[in-house]
Amino acid sequence: MSLVLDPIAQDLLFREARTASTFADEPVTEGQVRAVHDLVKYAPTAYNANPLRVILVRSLKARRRLAALMDEGNRAKTGAAPLVAILATDNEFHEELPSLLPHFPQAAEMVFAERPVRERTALLNGVLQAAYFLLGVRAAGLAAGPMTGFDHAGLQKEFLDDDHTPLMVVNIGKPGENAWYPRSPRLAYEDVVTTV
């Protein structure tokens, strides 16, 4: 292997990491979520935009509202997870750029004045940050179950506003009994990589 990351960490983050379908009855603490954020906030984004926003769904009332918006196959998992996070993009991320990009504060007006440009940038970079978020959850010893099967317009209306676009819903917690489906195949290196 040509990797410097410890093999145990490789397994935790990649090889053995799975999407859990059931969860243990063990809460996910605020401290764990803060530790995840402190790790994944370093994800690279264009112009240091940081467009990802995370809505933690903890209360039973909010969980019921969210479950009603999930596709039928995802409702039970979302209802049983100790914590559920809605990952969304902030399409007005440019308002934070003067503090996030102090060497080029005028980027907010020069590059991101138009809403369509902001939405494209927020989507690409928000998804990148979401991938880091999933790895951060795994680094905390938890399972991350990302799902895109939900009523996107309904979720936006119920939990967000017109300036935020939902990306995915993530179930988070310690895996429960019979948590895993058999691992599906992956494409081989030769099927993915082309050298020119």
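Scroll up a little and you will see the structure.
Residues numbered from 1 in each chain as written. Predicted model: local features only at pLDDT ≥ 70, side-chain atom pairs only at ≥ 80, totals over all residues. Heavy atoms only, no water.

Enquirer: Would you mind going over the pattern of salt bridges with me for this structure?
Expert: Two side chains with opposite charge may pair up if their charged atoms get near one another. Here the structure, examined in full by the defined rule, presents 10 salt bridges. The closest approach of N and O atoms between E158 and R65, which form a salt bridge, is 2.5 Å. A residue pair is termed long-range when its members are at least 10 positions apart, and E158 in helix α8 (residues 152–159) and R65 in helix α3 (residues 60–67) qualify at 93 residues. Residue classification places E158 among the partly exposed positions, given a relative accessible area of 38%. Since its relative accessible area comes to 30%, R65 is described here as partly exposed. Residues E119 and R115 are paired through a salt bridge, measuring 2.8 Å at the closest nitrogen-oxygen approach. Highlighted residues: E119 and R115, both in helix α7 (residues 115–139), separated by four residues, approximately one helical turn. Accessibility expressed as a relative area gives 25% for R115, which makes it partly exposed. A single salt-bridge network, built from bridges that share partners, covers E92, R115, R118, E119 and D163. (Salt bridge = Lys/Arg side-chain N within 4 Å of Asp/Glu carboxyl O. Helix = DSSP H or I, 4+ residues; strand = E, 2+ residues; numbered from the N terminus. Buried < 20%, exposed > 50% of the residue type's maximum accessible area, 1.4 Å probe, protein only.)

Enquirer: Would you mind going over the pairing of strand β3 (residues 143–147) with me for this structure?
Expert: The side chains of a regular strand alternate between the sheet's two faces. Counting buried residues in β3 gives four out of five residues, a clear majority hidden from the surface. With five bridges joining them, β3 and strand β4 (residues 164–173) adopt antiparallel strand pairing. Note on β4: the bridge partner recorded for P146 is V170. (Pairing = 2+ DSSP bridges.)

Enquirer: I'm lost on a nonpolar patch on the surface in this one. Help?
Expert: There is a patch of nonpolar side chains on the surface, built from L187, Y189, V192 and V193 and spanning about 440 Å² of accessible area. Looking at the secondary structure, you find V192 in helix α9 (residues 189–192). Note on V192: relative accessible area 55%, which makes it exposed. (Patch = residues over 30% accessible without salt bridge, like charges linked within 9 Å, V, L, I, M, F, W, Y side chains within 5 Å. Areas by Shrake-Rupley, 256 points an atom, 1.4 Å probe, with all protein chains shown as cover.)

Enquirer: Would you mind going over empty space enclosed by the protein with me for this structure?
Expert: Empty space among the atoms becomes apparent when a probe as large as a water molecule is rolled across them. A full pass over the atoms with the stated rule returns one cavity of 30 Å³ or more. Of the pockets and cavities examined, the largest cavity occupies roughly 60 Å³. Taken together, V28, Q32, V33, V36, L56, F133, V137, L142 and I172 form the lining of the largest cavity. Mapped by element, the contributors of at least two residues to the lining of the largest cavity are α2 (30–40) and α7. In terms of residue count, α2 provides more of the lining of the largest cavity than any other element does, three residues in total. Considered class by class, the residues forming the lining of the largest cavity number eight nonpolar, one polar and no charged. (1 Å grid on protein atoms, 1.4 Å probe; cavity = no way out; pocket = protein on both sides within 12 Å on 5 of 7 lines; lining within 4 Å. Points joined across faces, edges and corners; volume = space filled by probe spheres on them. Nonpolar A, V, L, I, M, F, W, Y, C, P; charged D, E, K, R; others polar.)

Enquirer: Is there a simple way to think about the packing of α3 against α8 in this case?
Expert: In a pair of packed helices, the angle between the axes and the distance between the axes together describe the arrangement. The contact between α3 and α8 brings their axes to 10 Å, and the two run at 155°. Looking at the two axes, α3 sits roughly antiparallel to α8. The segment α3 lies against α8, with A62, R65 and L66 engaging L155, E158 and F159. Among the residues making up the contact of α3 with α8, the classes are represented as four nonpolar, no polar and two charged. (Axes fitted to C-alpha atoms, helices over the stretch in contact; angles between N-to-C directions. Parallel < 35°, antiparallel > 145°, perpendicular 65-115°, else oblique. Contact = heavy atoms within 4.5 Å.)

Enquirer: Explanation requested: the sheet that holds β4 in the structure shown.
Expert: With antiparallel pairing, the four strands of this open sheet are ordered in space as β1-β2-β4-β3. Pairing within the sheet leaves two strands with one partner each, and these edge strands are β1 (52–57) and β3. For this sheet, the mean angle separating the axes of adjacent strands, direction not counted, is 30°. With six bridges connecting them, β1 and strand β2 (residues 83–90) associate as antiparallel partners. Bridging across to β2, I55 finds its partner in I86. Along the sheet face, α8 touches β2 and β4 and points at about 90° away from the line of β4.

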